[in-house]
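Chain and residue survey
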Amino acid sequence: MNPKSQNSNEEPTDVYEHSFDLSSIPEVQLSGHQWIQMGNELRCTSCSFTHGTYISSDYQLYGIDDSGKPLIRKIVVKD
């Protein structure tokens, strides 16, 4: 048993306090990116940081519109 844990008057030494301004995180925008599909992931290749989103396996990226938004369609298998 840790001797420090027996004395409740002492502050724990392994507690860290962090502050982070969440307003500094940019809002997610679908437009203005270059998107590629890798399996069921849409991945942006134009930004300096890695980001993307998952799509269902029955959908496919078939292009990017003029504003940079991904164009996605449902895959339909005809018998």
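The rules behind the values
Residues numbered from 1 in each chain as written. Predicted model: local features only at pLDDT ≥ 70, side-chain atom pairs only at ≥ 80, totals over all residues. Heavy atoms only, no water. Helix = DSSP H or I, 4+ residues; strand = E, 2+ residues; numbered from the N terminus. Buried < 20%, exposed > 50% of the residue type's maximum accessible area, 1.4 Å probe, protein only. Areas by Shrake-Rupley, 256 points an atom, 1.4 Å probe, with all protein chains shown as cover. Core = buried A, V, L, I, M, F, W, Y, C linked by side-chain atoms within 4.5 Å. Contact = heavy atoms within 4.5 Å. Pairing = 2+ DSSP bridges. Axes fitted to C-alpha atoms, helices over the stretch in contact; angles between N-to-C directions. Polar contact = N/O pair within 3.5 Å; in protein donor to acceptor, adjacent residues only side chain to side chain. Salt bridge = Lys/Arg side-chain N within 4 Å of Asp/Glu carboxyl O.

This brings us to the overall build of the protein. Check the secondary structure of the protein and you find 1 helix and 5 strands. Sequence-ordered secondary structure for the protein, helices as α and strands as β, is α-β-β-β-β-β. For the protein, with 79 residues in total, the buried portion stands at 11%. Just so you have it, the protein exposes about 7,200 Å², and 50% of that area is on carbon and sulfur atoms.

In this structure, Trp 35, Leu 42, Cys 44, Ile 55 and Leu 61 together form the largest nonpolar core, which totals 5 residues. In contact with Ile 55, not counting residues within four places along its chain, are Gln 37, Asn 40, Leu 42, Gln 60 and Ile 72.

One open sheet accounts for 3 strands, arranged β1-β2-β3; its pairing is antiparallel. Two strands lie at the open edges of the sheet, namely β1 (35–38) and β3 (52–54), each paired on one side alone. Each neighbouring strand pair of the sheet contributes to a mean axis angle of 20 degrees, computed without reference to strand direction. Alignment of strand β2 (residues 41–44) against β3, held across 3 bridges, turns out to be antiparallel. Bridge assignment links Glu 41 to a residue of β3, and that residue is Tyr 54.

What follows is about the side chain of His 33. Checked against the element boundaries, His 33 lands in the loop between α1 (3–6) and β1. On the accessibility criterion, His 33 (10% relative accessible area) is buried. Not counting the four nearest positions on each side in its chain, His 33 is found in contact with Cys 44, Ser 46, Cys 47, His 51, Ile 64 and Gly 68.

With respect to the helices, strands and loops of the structure, Glu 41 is situated in strand β2. Among the polar contacts made by the side chain of Glu 41, one reaches the side chain of Arg 43 at a distance of 2.9 Å.

A few words on the pattern of salt bridges. Counting across every chain of the model gives 2 salt bridges. Residue Lys 74 pairs with Asp 58 through a salt bridge whose shortest N-O separation is 2.4 Å. Placement of Lys 74 in strand β5 (residues 70–74) and of Asp 58 in the loop between β3 and β4 (59–64) is noted, with a sequence separation of 16 residues between them. The exposure class assigned to Lys 74 is partly exposed, which follows from its relative accessible area of 44%. Classification of Asp 58 by relative accessible area gives partly exposed; the value is 27%.

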